[in-house]
Amino acid sequence: KQITESADDIKLDLTYRRKSKGQIQPFLRSQFDTEFTPTINPKTQLKNSKQQALRGVMGLTKAATNHWRGVEASMLLEQDLGQGPLQFGFQMRGQGRWTISQNRVAYAMRNDATYFLQAAGDTERDLALRYNMVHEILVPVIDELALSFAADLFFFKGKVAATQEPGMSMLFRVGLTYDRLWKPRYQPLF
């Protein structure tokens, strides 16, 4: 029996970038990643503890270009407040967007690869490698609102012997996407 749970992640993200004239800029980020409902262990049918990950990220980002909104290389510390040891790792992220069909329909791609080093107290829950790749087609409806069709692929590998074999999951989704950059003091929010 396989249990499939819809994504219910909540991510709060605060990023500070130091503006510079160069193509490479330093940044600091703090994130809190949690969920509405905990996942269920398919073997025992018991609820896992709810994710409450607190992350500190420091790295370098490349200035945006026409197609690449962001490319980052960073180091990170992560602590799941619900359980687990403090994790140290490295992260690479990239986000691109290309317009097709007379500059109306857009193709967006996001990549996020994270590698965590071994830590004392690692369990079957701790992952050494996480790689998330999202391909999305955005069809504009009005202004910044678009109908989106996406394929979300997630690859992973655990840290301990029981979870050393790589695995993957895939999610197809259809939804509405609101995408707008807002700059305080320069324009109204709505």
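Everything below is about the structure printed above this text.
Remarks on the sheet that holds strand β6 (residues 105–116)
One open sheet holds the nine strands; their spatial order is β1-β2-β3-β4-β5-β6-β7-β8-β9, and the pairing between them is antiparallel. The sheet is open, and its two edges are formed by β1 (9–17) and β9 (167–178), each paired on a single side. Across the sheet, the mean angle from the axis of one strand to that of its neighbour is 20°, orientation sign disregarded. Pairing between strand β5 (residues 87–100) and β6: twelve bridges, direction antiparallel. Of the residues in β6, the one forming a bridge with glycine 94 is asparagine 111.

With respect to the pattern of salt bridges
Applying the stated criterion across every chain, the model contains ten salt bridges. Close ionic contact of arginine 29 with glutamate 72 constitutes a salt bridge, the shortest N to O distance being 2.7 Å. Here arginine 29 is found in strand β2 (residues 24–35), whereas its partner glutamate 72 is found in strand β4 (residues 68–80), with 43 residues between them in sequence. Note on accessibility: arginine 29 and glutamate 72 belong to one class, buried. The partner of glutamate 78 in a salt bridge is arginine 55, with the nearest N and O atoms 2.6 Å apart. Highlighted residues: glutamate 78 in strand β4 and arginine 55 in strand β3 (residues 52–62), separated in sequence by 23 residues. Across the pair, arginine 55 and glutamate 78 agree in class, each one buried. Each member of the salt-bridge network shares a partner with another, and the members are Asp13, Arg17, Arg29, Glu72 and Arg93.

Structural notes on unusual backbone geometry
Non-glycine residue aspartate 143 carries a positive phi angle of around 45°. When you line up the elements, aspartate 143 lands in the loop between β7 (127–142) and β8 (145–158). Overall, the relative accessible area of 74% leaves aspartate 143 in the exposed class.

What to know about the layout of surface pockets
In this structure, the second largest pocket encloses a volume near 200 Å³. What lines the second largest pocket is a set of 13 residues, among which Arg97, Arg104, Pro140, Asp143 and Ala146 lie closest to the centre. Looking at the lining of the second largest pocket, the elements with two or more residues in it are β5, α1 (101–104), β7 and β8. Looking at the lining of the second largest pocket, its residues break down into five nonpolar, three polar and five charged.

Some thoughts on the pairing of β4
When a strand is regular, its side chains alternate between the sheet's two faces. Pairing analysis gives ten bridges linking β3 to β4, with the strands arranged antiparallel. Along β4, the bridge assignment pairs glycine 59 with serine 74. From the end of β3 to the start of β4, which pair antiparallel, there are five residues. One ladder, built from ten bridges, connects β4 with β5; its direction is antiparallel. Within β5, the position partnered with serine 74 by the bridge is glutamine 91. Turn length for the β4-β5 hairpin, with the two strands adjacent in sequence and antiparallel, is six residues, and the turn residue glycine 84 shows positive phi of about 95°.

Side note on the side chain of aspartate 33
Structurally, aspartate 33 can be placed in strand β2. Residue aspartate 33 is classed as buried on the basis of its relative accessible area of 3%. Here the side chain of aspartate 33 touches arginine 55 through a polar contact of 3.1 Å, side chain to side chain. Leave out the neighbours within four places in its chain, and aspartate 33 touches Asp9, Ile10, Lys11, Gln51, Gln52, Ala53 and Arg55.

Digging into the pairing of β2
Relative to β2, β1 runs antiparallel, the two being bridged by nine bridges. The residue of β2 that forms the bridge with arginine 17 is phenylalanine 27. Where β1 folds back on β2, the antiparallel hairpin that results is connected by six residues. Sheet topology places β2 next to β3; eleven bridges connect them, and they run antiparallel. Among the inter-strand pairings, phenylalanine 27 is bridged to a residue of β3, identified as glycine 59.

Procedures and definitions
Residues numbered from 1 in each chain as written. Predicted model: local features only at pLDDT ≥ 70, side-chain atom pairs only at ≥ 80, totals over all residues. Heavy atoms only, no water. Pairing = 2+ DSSP bridges. Helix = DSSP H or I, 4+ residues; strand = E, 2+ residues; numbered from the N terminus. Axes fitted to C-alpha atoms, helices over the stretch in contact; angles between N-to-C directions. Salt bridge = Lys/Arg side-chain N within 4 Å of Asp/Glu carboxyl O. Buried < 20%, exposed > 50% of the residue type's maximum accessible area, 1.4 Å probe, protein only. 1 Å grid on protein atoms, 1.4 Å probe; cavity = no way out; pocket = protein on both sides within 12 Å on 5 of 7 lines; lining within 4 Å. Points joined across faces, edges and corners; volume = space filled by probe spheres on them. Nonpolar A, V, L, I, M, F, W, Y, C, P; charged D, E, K, R; others polar. Polar contact = N/O pair within 3.5 Å; in protein donor to acceptor, adjacent residues only side chain to side chain. Contact = heavy atoms within 4.5 Å.

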